[in-house]
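Reading the structure
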Amino acid sequence: MTLLFRRAGRHLEGMMTGALPADVRRNMHTEVLVALAYGAFYACTIPFIPVILRRLGASPDMLALYAALQFLGSITSSLSIIVMRRRRTMTVILACWFTARALFILVAFFQGAVPIIVIGALFWLLEGFVIPGYTRILQKIYPDQVRGKVMSTVRMGQVLAILLVTPLAGWALDRVGHPVLFPVACILGLGSVLLFMRLRVDEGPLPPRQTKTFSELGEIVRNDPRFRLYLFSFALYGLGTMLAWPVYPLVQVDRLQLSYSTLGMLGLVESVLWLVSYLIWGRFLDRRGGLAVMRATCAISIIQPLVYIWAGAAWMLIPAFIARGITSGGFELGRINAGIQLADPDRITEYAVIQSTTIGMRGILAPFLSAVLLHLGMPPSGIFILSAGCIATAWILFGFVNAPAPVSQPAVSAARWPFRMRMPRV
């Protein structure tokens, strides 16, 4: 029976990734195990925090604050350049991730909305701080020609864990509550960090350009108009998605009064589509590049805020969760690889830092803008319309960004509307 499962696994792997060098395959297998453990940890904690906060009495302003604090790590990620000058990238990543995921043990001792917001803020600070370093690790261990397929395979393992665990987590929250479930999930989070240590990475010395001061980051934006337009489009897309984030829990709790179990089932729908989407995004990425993935993701993202305008029952949110599932995979693969696609190969970390900082800036500003609009009397439906408008504008602007075609494909053909974009070699 064990031999049968091994053969089936090898056959499935071959269908998804094709032939891979031995070192790439080993690292992929390790990352799949990491993804499974982290996916289970994520499913038990992160999706439920906004609803938990609302049920603990958190105001719309507090929800906006929590949404903004999720981007502390992104906006401070530029400091990771300094930290990684004298320390190995893997060492910094492991230290930050281990500390971040260990924080959830504290939920057993400190309860209430404010402690959860503080713990969440520290978690996101440490998780996001090392994103540029993680991008550099991915560039080192996976060749350009297969990175999309390998990353999609790894992420499918993560989403599979989320798919299986999310309904169980919703059931457990209804019965034992988050003070019990979160510390248990913490064990899975720490296990994922220990597994990540098994990756074989030859980092080599940091390129000289990646050890200079912050002024060089500004020079990159000023001197690279193509990347500057991409950053503006990327920021506008993020602004549109983030404007609606603090308002979604208000609809789920106040208007629809959804239980944790119902949210768990909706999360199951999201996870199924998230899982399936990787089968498409990985190959789309290798054929068309990260920029094309970002624009396609942007087009699909418009669905989510529009659905919440008219939602009057739980089942009416299904299209929104489907759209979020599809775009979750596309955004994760797209943003990493679009940055690599547009960057100077010797300055991957710096380009990743700039993109990560952009994520942090729009992530911190957008929820507070949403809270201000609510205070000024704008109804949730107005914020959803504004959100969709920003995303649609970003989709148009992405189409004007020229990017080199992926190495594995000599010529890139135009996709049908609404994903059409020009991607000449440069």
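How each quantity is defined
Residues numbered from 1 in each chain as written. Predicted model: local features only at pLDDT ≥ 70, side-chain atom pairs only at ≥ 80, totals over all residues. Heavy atoms only, no water. Phe/Tyr/Trp six-rings, centres within 6.5 Å; stacked < 30°, edge-to-face > 60°. Helix = DSSP H or I, 4+ residues; strand = E, 2+ residues; numbered from the N terminus. Buried < 20%, exposed > 50% of the residue type's maximum accessible area, 1.4 Å probe, protein only. Lys NZ or Arg CZ within 6 Å of the ring centre and 35° of its normal. Core = buried A, V, L, I, M, F, W, Y, C linked by side-chain atoms within 4.5 Å. Axes fitted to C-alpha atoms, helices over the stretch in contact; angles between N-to-C directions. Parallel < 35°, antiparallel > 145°, perpendicular 65-115°, else oblique. Nonpolar A, V, L, I, M, F, W, Y, C, P; charged D, E, K, R; others polar. Salt bridge = Lys/Arg side-chain N within 4 Å of Asp/Glu carboxyl O.

Given two aromatic rings, their pairing is described by the distance between the two centres and the angle made by the two planes. What the rule picks out here adds up to 21 aromatic pairs. Their ring planes at 75 degrees and their centres at 5.2 Å tell us that Phe104 and Phe123 sit as a pair that is edge-to-face. In this pair, Phe104 sits in the loop between helix H7 (89-102) and helix H8 (113-129) while Phe123 sits in helix H8, placing the two residues 19 residues apart along the sequence. Per residue, the accessibility class of Phe104 equals that of Phe123, and both read buried. An aromatic cluster of at least three residues, connected via ring pairs, comprises Tyr38, Phe41, Tyr42, Phe104, Phe123, Trp124, Phe182 and Trp274. If you follow Arg295 out to its NZ or CZ, it ends over the ring of Trp395, 4.2 Å from the centre.

Counting residues in each nonpolar core, the largest one holds 129 residues, and the members touching the most others are Leu53, Phe104, Tyr142, Phe196 and Tyr230. Ranked by the residues each element gives to this core, the list is headed by helix H10 (residues 147-175), at 11 residues.

The next point concerns the packing of H10 against helix H15 (residues 260-288). Helix-helix packing is characterised by the crossing angle of the two axes and by the distance between the axes. Following both chains from N to C, one finds H10 and H15 inclined at 175 degrees, their axes separated by 8 Å at the closest point. One way to sum up the angle between H10 and H15 is to call them roughly antiparallel. Partitioning the contact of H10 with H15 into residue classes produces 17 nonpolar, 10 polar and five charged.

Scanning all chains against the criterion turns up four salt bridges. Here Arg101 ties to Glu127 by a salt bridge, and the two come within 2.8 Å at their closest N and O atoms. One end of the pair, Arg101, is in helix H7; the other, Glu127, is in helix H8, and 26 residues separate them in sequence. Looking at Glu127, the relative accessible area reads 12%, which means it is buried. Across the pair Glu332 and Arg155 runs a salt bridge whose closest N-O atoms are separated by 2.5 Å. Separated by 177 residues along the polypeptide, Glu332 in helix H18 (residues 318-342) and Arg155 in helix H10 bring together distant segments of the chain. With relative accessibility at 16%, the residue Glu332 sits in the buried group.

Read these as geometric descriptors, not functional statements.
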